[in-house]
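Here are the chains, one letter per residue:
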Amino acid sequence: LLRDYNKIGPRFYSLLPPAWRPAAREWLREIDQAVGGFLRGQFLIALFLAVYYAIGLSLLRVPLGFLLGILSGLANIVPYMSLFVGVLPATLLAFLDQPSLWRVLWVLVLFESGQLIEGLILGPRIMGRQTGLHPVTVILAILIGGTLMGLWGLLLAVPAAALLRAVFRRWIALQRSRWSEEETEDTVCQGGGTS
């Protein structure tokens, strides 16, 4: 797709009737912005978590903590994957290095606090800014997507919400233009009937 991207666009537009092409370009531009914003947002959140976990695990002196923190943070590009990639190995390495339940507890607190920061602060704000969605909409989309479709719902919730927002905005703009046309026609009809 990347290699042939410059050929795909013109071929796609050539299949459409000429009157539809400007509208199709605008729709695809909005969809591209929404999906691109989602991917940029996920990458920013994963980058933050990578730094947070790497510093936290290094301070806790977990063996390979810095590397494990980076890997688990970047794994969060897929939502909540950092828990699977990071928690088990980090707790196991911390316990094997120094068998202490307190140390294991601190590792768990580190990962839980990272997920809370991501879920309550970073996710809604960064995703909202990148996709143009309100933070509450982002949270609701993730909750609904996760409930209905599990992991796939978590992955697709925000892009789907951004896509629905773009479709809804286009539909409202179309309806408003029709309403203004109807008002103009009503005004002309009423003016013509009184003369």
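See the structure printed just above.
For clarity, every value in this text was computed on a predicted model and none was experimentally measured.

Looking now at the side chain of glutamine 115. Here glutamine 115 is to be found in helix α5 (residues 101–131). A distance of 3.2 Å separates a polar atom in the side chain of glutamine 115 from a polar atom in the side chain of tyrosine 53. Residue contacts for glutamine 115: discarding those within four places in its chain leaves Leu49, Tyr53, Asn76, Tyr80, Ser82 and Leu83.

For helix α3 (residues 65–74), the full list of buried residues reads Gly65, Leu68, Gly69, Ser72 and Gly73. Projected onto a plane normal to the axis of α3, the buried residues spread over an arc of 125° and lie on a single side.

Once that is clear, we can look at the packing of helix α4 (residues 81–97) against α5. Where α4 meets α5, the axes come as close as 8 Å, and the angle between the chain directions of the two elements is 160°. With respect to their mutual orientation, α4 and α5 come out roughly antiparallel. For the pair α4 and α5, the sense of crossing is right-handed. Seen from α4, the contacting residues are Ser82, Leu83, Gly86, Val87, Ala90, Thr91, Ala94, Phe95 and Asp97; seen from α5, they are Leu101, Arg103, Val104, Val107, Leu108, Phe111 and Gln115. In the contact of α4 with α5, the residues fall into 10 nonpolar, 4 polar and 2 charged.

Together, Val136, Ile139, Leu140, Leu143, Ile144, Leu148, Met149, Trp152 and Leu156 make up an exposed nonpolar region whose accessible area comes to about 940 Å². Relative to the elements of secondary structure, leucine 143 occurs in helix α6 (residues 135–194). Take leucine 143: its relative accessible area is 52%, and that puts it in the exposed class.

Per the stated rule, a full pass over the model turns up 2 salt bridges. Note that arginine 29 and glutamate 26 form a salt bridge whose closest N and O atoms lie 3.7 Å from each other. Placement of both arginine 29 and glutamate 26 in helix α2 (residues 21–59) is noted, with a separation of 3 residues, approximately one turn of the helix. For aspartate 97, the salt bridge goes to arginine 103, with nearest N and O atoms at 3.0 Å. For arginine 103, a relative accessible area of 9% gives the class buried.

Rules behind the numbers
- Residues numbered from 1 in each chain as written.
- Predicted model: local features only at pLDDT ≥ 70, side-chain atom pairs only at ≥ 80, totals over all residues.
- Heavy atoms only, no water.
- Helix = DSSP H or I, 4+ residues; strand = E, 2+ residues; numbered from the N terminus.
- Polar contact = N/O pair within 3.5 Å; in protein donor to acceptor, adjacent residues only side chain to side chain.
- Contact = heavy atoms within 4.5 Å.
- Buried < 20%, exposed > 50% of the residue type's maximum accessible area, 1.4 Å probe, protein only.
- Arc of directions from axis to C-beta.
- Axes fitted to C-alpha atoms, helices over the stretch in contact; angles between N-to-C directions.
- Parallel < 35°, antiparallel > 145°, perpendicular 65-115°, else oblique.
- Left-handed = near helix turned anticlockwise from the far one by under 90°.
- Nonpolar A, V, L, I, M, F, W, Y, C, P; charged D, E, K, R; others polar.
- Patch = residues over 30% accessible without salt bridge, like charges linked within 9 Å, V, L, I, M, F, W, Y side chains within 5 Å.
- Areas by Shrake-Rupley, 256 points an atom, 1.4 Å probe, with all protein chains shown as cover.
- Salt bridge = Lys/Arg side-chain N within 4 Å of Asp/Glu carboxyl O.

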